[in-house]
Amino acid sequence: MIHCEGLVKIFKTDDIEVVALQGLNLTVEHGEMMAIIGNSGSGKSTLLNILGGLDRPSAGQAIVGPWNLLKITNEQLIEYKRKTVGFIWQNNARNLVPYLTALENVELPMLVVRGKADRAYAKQLLAAVGLEHRMGNRLTQLSGGEQQRVAIAIALANRPPLVLADEPTGSVDSATAEQILGIFRRLNRDMGVTVVIVTHDLSVADKVDRVVAIRDGMTSTEWVKRKERVGPAGAEEEEAPGSARFGNRHQEYVVIDRAGRLQIPKAYLEEMNVGSKAILEFDGRNVIIRPPDGASASGGEKSDKEVQSAGWIGKPL
(Lines give C-alpha, C1' and ligand atoms only; values in the text may rest on other atoms or scores of the structure.)
Protein backbone atom coordinates (compact mmCIF):
# COMPACT_ATOMS: atom_id res chain seq x y z
CA MET A 1 0.00 0.00 0.00
CA ILE A 2 2.84 2.37 0.94
CA HIS A 3 6.46 2.26 -0.19
CA CYS A 4 8.90 4.98 0.83
CA GLU A 5 12.56 4.72 -0.05
CA GLY A 6 15.22 7.32 0.59
CA LEU A 7 12.45 9.81 1.33
CA VAL A 8 13.70 13.36 1.91
CA LYS A 9 11.77 16.45 2.95
CA ILE A 10 13.51 19.83 3.27
CA PHE A 11 11.77 22.95 4.53
CA LYS A 12 13.38 26.18 3.35
CA THR A 13 13.00 29.82 4.27
CA ASP A 14 15.15 32.79 3.36
CA ASP A 15 17.49 32.25 6.30
CA ILE A 16 17.20 28.60 7.28
CA GLU A 17 16.94 25.10 5.85
CA VAL A 18 15.57 22.21 7.90
CA VAL A 19 15.86 18.57 6.82
CA ALA A 20 12.79 16.93 8.37
CA LEU A 21 13.20 13.56 6.62
CA GLN A 22 16.64 12.37 5.61
CA GLY A 23 16.40 9.15 3.64
CA LEU A 24 13.46 7.47 5.35
CA ASN A 25 12.44 3.94 4.30
CA LEU A 26 9.03 2.45 5.06
CA THR A 27 6.77 -0.24 3.63
CA VAL A 28 3.16 -0.79 4.69
CA GLU A 29 1.20 -3.74 3.33
CA HIS A 30 -2.41 -3.64 2.10
CA GLY A 31 -4.80 -4.19 5.00
CA GLU A 32 -2.16 -3.60 7.67
CA MET A 33 -2.81 -1.60 10.83
CA MET A 34 0.37 -0.03 12.15
CA ALA A 35 1.60 2.85 14.28
CA ILE A 36 4.45 5.34 13.88
CA ILE A 37 6.02 6.72 17.04
CA GLY A 38 8.78 9.25 17.66
CA ASN A 39 9.75 12.26 19.72
CA SER A 40 8.72 15.77 18.72
CA GLY A 41 10.78 16.85 15.73
CA SER A 42 11.56 13.26 14.66
CA GLY A 43 9.73 13.67 11.33
CA LYS A 44 6.68 11.48 11.93
CA SER A 45 4.11 14.23 11.30
CA THR A 46 6.00 15.33 8.19
CA LEU A 47 5.79 11.77 6.90
CA LEU A 48 2.05 11.64 7.59
CA ASN A 49 1.51 14.96 5.80
CA ILE A 50 3.37 13.67 2.75
CA LEU A 51 1.33 10.45 2.68
CA GLY A 52 -1.84 12.53 3.09
CA GLY A 53 -0.96 14.74 0.13
CA LEU A 54 -0.60 17.83 2.35
CA ASP A 55 3.15 18.23 1.74
CA ARG A 56 5.30 17.39 -1.27
CA PRO A 57 8.45 15.26 -0.81
CA SER A 58 11.76 16.86 -1.80
CA ALA A 59 13.47 13.69 -3.05
CA GLY A 60 13.34 9.90 -2.90
CA GLN A 61 10.30 7.68 -3.40
CA ALA A 62 6.85 7.96 -1.82
CA ILE A 63 4.42 5.60 -3.53
CA VAL A 64 0.88 4.98 -2.26
CA GLY A 65 -1.06 2.42 -4.26
CA PRO A 66 -0.65 3.47 -7.91
CA TRP A 67 0.35 7.06 -7.04
CA ASN A 68 3.94 8.37 -7.09
CA LEU A 69 3.69 11.36 -4.74
CA LEU A 70 6.98 12.84 -5.97
CA LYS A 71 5.78 13.10 -9.58
CA ILE A 72 2.05 13.59 -9.12
CA THR A 73 0.45 16.66 -10.76
CA ASN A 74 -1.75 19.10 -8.85
CA GLU A 75 -4.86 17.73 -10.56
CA GLN A 76 -3.86 14.15 -9.69
CA LEU A 77 -3.14 15.21 -6.12
CA ILE A 78 -6.72 16.41 -5.74
CA GLU A 79 -7.97 13.07 -7.06
CA TYR A 80 -5.61 11.25 -4.69
CA LYS A 81 -6.83 13.14 -1.62
CA ARG A 82 -10.46 12.64 -2.56
CA LYS A 83 -10.46 8.91 -3.26
CA THR A 84 -7.31 7.21 -1.95
CA VAL A 85 -6.69 8.58 1.52
CA GLY A 86 -8.82 9.55 4.51
CA PHE A 87 -7.18 11.87 7.06
CA ILE A 88 -8.07 12.26 10.74
CA TRP A 89 -6.69 15.30 12.55
CA GLN A 90 -5.78 15.43 16.22
CA ASN A 91 -7.74 18.67 16.59
CA ASN A 92 -11.40 17.69 16.48
CA ALA A 93 -12.46 21.12 15.20
CA ARG A 94 -10.54 20.53 11.96
CA ASN A 95 -12.51 17.37 11.25
CA LEU A 96 -16.03 18.75 11.61
CA VAL A 97 -18.22 21.59 10.35
CA PRO A 98 -19.82 22.87 13.58
CA TYR A 99 -23.20 23.94 12.18
CA LEU A 100 -23.84 20.53 10.54
CA THR A 101 -25.13 17.42 12.28
CA ALA A 102 -22.95 14.32 12.62
CA LEU A 103 -24.80 12.71 9.70
CA GLU A 104 -24.44 15.81 7.52
CA ASN A 105 -20.71 15.98 8.30
CA VAL A 106 -20.26 12.42 7.03
CA GLU A 107 -22.32 13.17 3.92
CA LEU A 108 -20.35 16.33 3.08
CA PRO A 109 -17.28 14.58 1.51
CA MET A 110 -19.65 12.50 -0.60
CA LEU A 111 -21.28 15.67 -1.95
CA VAL A 112 -17.88 17.21 -2.74
CA VAL A 113 -16.54 14.17 -4.61
CA ARG A 114 -19.64 12.58 -6.15
CA GLY A 115 -22.17 15.38 -6.17
CA LYS A 116 -24.62 13.37 -4.08
CA ALA A 117 -24.75 11.81 -0.64
CA ASP A 118 -25.21 8.13 0.15
CA ARG A 119 -27.27 8.54 3.31
CA ALA A 120 -27.57 4.80 3.92
CA TYR A 121 -23.78 4.38 3.86
CA ALA A 122 -23.29 7.48 6.05
CA LYS A 123 -25.64 5.99 8.64
CA GLN A 124 -23.81 2.67 8.37
CA LEU A 125 -20.50 4.38 9.12
CA LEU A 126 -21.87 6.24 12.15
CA ALA A 127 -23.36 2.99 13.43
CA ALA A 128 -19.96 1.31 12.93
CA VAL A 129 -18.34 3.87 15.26
CA GLY A 130 -21.16 3.54 17.81
CA LEU A 131 -23.00 6.80 17.11
CA GLU A 132 -26.27 5.61 15.63
CA HIS A 133 -28.05 7.49 18.46
CA ARG A 134 -26.17 10.78 17.82
CA MET A 135 -26.63 11.24 14.07
CA GLY A 136 -28.74 14.39 14.44
CA ASN A 137 -26.44 16.11 16.95
CA ARG A 138 -24.19 19.05 16.13
CA LEU A 139 -20.60 19.65 17.24
CA THR A 140 -21.48 21.45 20.49
CA GLN A 141 -23.69 18.54 21.53
CA LEU A 142 -20.94 15.94 21.17
CA SER A 143 -18.13 15.03 23.57
CA GLY A 144 -14.50 15.06 22.41
CA GLY A 145 -14.52 11.29 21.96
CA GLU A 146 -17.77 11.40 20.01
CA GLN A 147 -16.37 14.11 17.75
CA GLN A 148 -13.32 11.96 17.04
CA ARG A 149 -15.55 9.01 16.19
CA VAL A 150 -17.49 11.21 13.74
CA ALA A 151 -14.11 12.15 12.24
CA ILE A 152 -13.33 8.47 11.67
CA ALA A 153 -16.65 8.05 9.84
CA ILE A 154 -15.90 11.17 7.74
CA ALA A 155 -12.48 9.77 6.78
CA LEU A 156 -14.20 6.63 5.44
CA ALA A 157 -17.02 8.45 3.63
CA ASN A 158 -15.55 8.01 0.14
CA ARG A 159 -14.32 4.46 0.79
CA PRO A 160 -10.57 5.18 0.72
CA PRO A 161 -8.22 2.18 0.93
CA LEU A 162 -5.92 4.10 3.30
CA VAL A 163 -6.71 5.99 6.53
CA LEU A 164 -4.10 8.21 8.23
CA ALA A 165 -4.68 9.30 11.83
CA ASP A 166 -2.60 12.02 13.49
CA GLU A 167 -2.66 11.50 17.28
CA PRO A 168 -6.30 10.29 17.22
CA THR A 169 -6.28 9.63 20.98
CA GLY A 170 -4.30 12.73 21.98
CA SER A 171 -7.25 14.80 23.21
CA VAL A 172 -9.38 12.14 24.92
CA ASP A 173 -9.20 10.19 28.18
CA SER A 174 -7.74 6.69 28.38
CA ALA A 175 -11.12 4.90 28.30
CA THR A 176 -12.20 6.81 25.19
CA ALA A 177 -8.77 6.22 23.61
CA GLU A 178 -9.22 2.49 24.13
CA GLN A 179 -12.64 2.69 22.48
CA ILE A 180 -11.31 4.65 19.48
CA LEU A 181 -8.45 2.20 18.91
CA GLY A 182 -10.91 -0.67 19.11
CA ILE A 183 -12.98 1.02 16.37
CA PHE A 184 -9.89 1.32 14.17
CA ARG A 185 -9.15 -2.38 14.65
CA ARG A 186 -12.71 -3.39 13.85
CA LEU A 187 -12.85 -1.22 10.72
CA ASN A 188 -9.46 -2.54 9.64
CA ARG A 189 -10.65 -6.11 10.05
CA ASP A 190 -14.18 -5.75 8.66
CA MET A 191 -13.56 -3.24 5.83
CA GLY A 192 -9.98 -4.17 4.92
CA VAL A 193 -8.82 -0.55 5.11
CA THR A 194 -5.12 0.10 5.74
CA VAL A 195 -4.64 2.19 8.90
CA VAL A 196 -1.53 4.21 9.80
CA ILE A 197 -1.56 5.96 13.19
CA VAL A 198 0.97 8.57 14.33
CA THR A 199 1.02 8.71 18.11
CA HIS A 200 2.92 9.32 21.34
CA ASP A 201 0.68 6.80 23.13
CA LEU A 202 2.64 3.57 23.58
CA SER A 203 -0.52 1.69 24.59
CA VAL A 204 -1.44 1.77 20.90
CA ALA A 205 1.06 -1.07 20.41
CA ASP A 206 -1.43 -3.61 21.76
CA LYS A 207 -3.95 -2.61 19.09
CA VAL A 208 -1.74 -2.68 15.99
CA ASP A 209 0.26 -5.29 14.12
CA ARG A 210 3.48 -3.28 13.92
CA VAL A 211 5.07 -0.21 15.49
CA VAL A 212 7.76 1.77 13.65
CA ALA A 213 9.93 4.29 15.49
CA ILE A 214 11.30 7.33 13.64
CA ARG A 215 14.37 9.11 14.93
CA ASP A 216 16.08 12.10 13.28
CA GLY A 217 14.04 11.76 10.10
CA MET A 218 14.77 8.06 9.55
CA THR A 219 13.12 4.78 10.54
CA SER A 220 15.20 3.27 13.31
CA THR A 221 13.35 0.45 15.09
CA GLU A 222 10.34 -1.82 14.52
CA TRP A 223 8.24 -3.85 16.91
CA VAL A 224 6.21 -6.62 15.26
CA LYS A 225 3.45 -8.34 17.21
CA ARG A 226 4.23 -11.97 17.89
CA LYS A 227 1.80 -14.59 16.62
CA GLU A 228 -0.02 -16.39 19.41
CA ARG A 229 1.16 -19.93 19.97
CA VAL A 230 -1.12 -22.64 21.28
CA GLY A 231 0.24 -25.52 23.32
CA PRO A 232 -0.77 -29.18 23.06
CA ALA A 233 -3.56 -28.73 25.60
CA GLY A 234 -4.97 -25.74 23.76
CA ALA A 235 -3.58 -23.19 26.21
CA GLU A 236 -1.56 -20.24 25.03
CA GLU A 237 2.16 -20.71 25.58
CA GLU A 238 4.20 -17.96 27.19
CA GLU A 239 6.23 -16.08 24.59
CA ALA A 240 9.95 -15.48 24.85
CA PRO A 241 10.96 -12.10 26.27
CA GLY A 242 10.73 -9.29 23.72
CA SER A 243 11.09 -5.53 23.76
CA ALA A 244 11.51 -3.90 27.14
CA ARG A 245 9.17 -1.15 25.92
CA PHE A 246 6.30 -3.40 24.88
CA GLY A 247 6.90 -6.49 27.02
CA ASN A 248 6.85 -9.92 25.42
CA ARG A 249 3.98 -9.20 23.02
CA HIS A 250 6.29 -7.79 20.33
CA GLN A 251 9.59 -8.74 18.77
CA GLU A 252 11.97 -5.80 18.40
CA TYR A 253 14.05 -5.25 15.25
CA VAL A 254 16.48 -2.60 14.09
CA VAL A 255 15.80 -1.35 10.57
CA ILE A 256 18.55 -1.79 7.98
CA ASP A 257 18.39 0.19 4.74
CA ARG A 258 19.50 -1.01 1.31
CA ALA A 259 23.00 0.37 1.87
CA GLY A 260 23.35 -1.68 5.06
CA ARG A 261 22.98 1.26 7.43
CA LEU A 262 21.14 1.06 10.72
CA GLN A 263 20.50 3.32 13.71
CA ILE A 264 21.82 1.97 16.99
CA PRO A 265 19.72 3.12 19.96
CA LYS A 266 21.42 5.95 21.83
CA ALA A 267 21.05 4.13 25.16
CA TYR A 268 23.08 1.21 23.78
CA LEU A 269 25.88 3.50 22.60
CA GLU A 270 26.01 5.28 25.93
CA GLU A 271 26.14 1.97 27.80
CA MET A 272 29.05 0.84 25.60
CA ASN A 273 30.73 4.27 25.85
CA VAL A 274 30.74 4.58 22.05
CA GLY A 275 31.02 8.09 20.61
CA SER A 276 31.34 9.17 16.97
CA LYS A 277 33.60 6.23 16.05
CA ALA A 278 33.51 2.53 16.86
CA ILE A 279 35.25 -0.71 15.96
CA LEU A 280 33.07 -3.17 14.07
CA GLU A 281 33.92 -6.87 13.92
CA PHE A 282 32.34 -10.03 12.53
CA ASP A 283 33.00 -13.32 14.30
CA GLY A 284 31.40 -15.54 11.67
CA ARG A 285 27.95 -15.40 13.23
CA ASN A 286 27.44 -12.02 14.89
CA VAL A 287 28.42 -8.42 14.30
CA ILE A 288 30.17 -6.84 17.29
CA ILE A 289 30.53 -3.13 17.99
CA ARG A 290 32.83 -1.69 20.65
CA PRO A 291 34.60 1.56 21.49
CA PRO A 292 38.06 2.15 19.98
CA ASP A 293 39.68 2.32 23.42
CA GLY A 294 38.62 -1.28 24.04
CA ALA A 295 40.32 -2.64 20.95
CA SER A 296 42.65 -5.55 21.45
CA ALA A 297 46.14 -4.63 20.25
CA SER A 298 47.12 -8.24 19.65
CA GLY A 299 43.95 -9.07 17.79
CA GLY A 300 43.62 -12.20 19.93
CA GLU A 301 40.50 -13.58 21.57
CA LYS A 302 38.72 -11.41 24.12
CA SER A 303 37.83 -12.52 27.60
CA ASP A 304 34.18 -13.11 28.46
CA LYS A 305 34.15 -9.78 30.29
CA GLU A 306 35.54 -7.92 27.26
CA VAL A 307 33.01 -9.52 24.93
CA GLN A 308 30.18 -8.68 27.31
CA SER A 309 31.19 -5.03 27.49
CA ALA A 310 31.68 -4.82 23.72
CA GLY A 311 27.98 -5.08 22.96
CA TRP A 312 26.59 -7.65 20.52
CA ILE A 313 24.38 -6.52 17.67
CA GLY A 314 21.85 -9.33 17.10
CA LYS A 315 22.38 -9.71 13.37
CA PRO A 316 23.16 -13.35 12.53
CA LEU A 317 24.56 -13.62 9.00
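Up top you'll find the structure we're talking about.
Presented here is an overview of the structure given in this document.

The rules behind these values
- Residues numbered from 1 in each chain as written.
- Predicted model: local features only at pLDDT ≥ 70, side-chain atom pairs only at ≥ 80, totals over all residues.
- Heavy atoms only, no water.
- Helix = DSSP H or I, 4+ residues; strand = E, 2+ residues; numbered from the N terminus.
- Contact = heavy atoms within 4.5 Å.
- Areas by Shrake-Rupley, 256 points an atom, 1.4 Å probe, with all protein chains shown as cover.
- Salt bridge = Lys/Arg side-chain N within 4 Å of Asp/Glu carboxyl O.
- Buried < 20%, exposed > 50% of the residue type's maximum accessible area, 1.4 Å probe, protein only.
- Expected span 1.5 Å × (residues − 1).

### Focus on the overall build of the chain
Per the secondary structure count, the chain includes nine helices and 14 strands. Of all intrachain contacts in the chain linking residues separated by at least 6 positions in sequence, the fraction that spans at least 24 positions is 63%. Counting only carbon and sulfur atoms, one obtains 50% of the accessible surface of the chain, whose full area is about 16,900 Å².

### Re unusual backbone geometry
Working note: non-glycine residues mostly have negative phi, and peptide bonds are mostly trans. With phi around 55 degrees, Arg 159 is a residue other than glycine that occupies positive phi space. By the element assignment, Arg 159 lies in the loop between helix H6 (144–155) and strand E7 (162–166). Positive phi values are uncommon outside glycine, yet Asp 216 reaches one of about 55 degrees.

### Overview of the pattern of salt bridges
Within the structure shown, the criterion is met by nine salt bridges. Here Glu 17 and Lys 12 are joined by a salt bridge, their closest N and O atoms 3.9 Å apart. The exposure class assigned to Glu 17 is partly exposed, which follows from its relative accessible area of 49%. With a relative accessible area of 61%, Lys 12 lands in the exposed category. Glu 107 is the partner of Arg 119 in a salt bridge, and the nearest nitrogen-oxygen pair spans 2.6 Å. Of this pair, Arg 119 sits in helix H5 (residues 119–128) while Glu 107 sits in helix H4 (residues 102–114), and the two are 12 residues apart along the sequence. A relative accessible area of 44% places Arg 119 in the partly exposed class.

### Quick look at the environment of Ala 157
When you line up the elements, Ala 157 lands in the loop between H6 and E7. The spacing of Ala 157 and Lys 83 is 74 residues in sequence and 9.5 Å in space, taken between C-alpha atoms. Those residues in contact with Ala 157 that lie beyond four places of it in its chain are Val 106, Pro 109, Met 110, Arg 114, Tyr 121 and Leu 125.

### Considering H6
Taking 1.5 Å per residue, 12 residues should reach 16 Å; H6 reaches 17 Å between its end C-alpha atoms and fits that length. Counting buried residues in H6 gives 11 out of 12 residues, a clear majority hidden from the surface. Taken residue by residue, H6 has Gly 145, Glu 146, Gln 147, Gln 148, Arg 149, Val 150, Ala 151, Ile 152, Ala 153, Ile 154 and Ala 155 as its buried positions.

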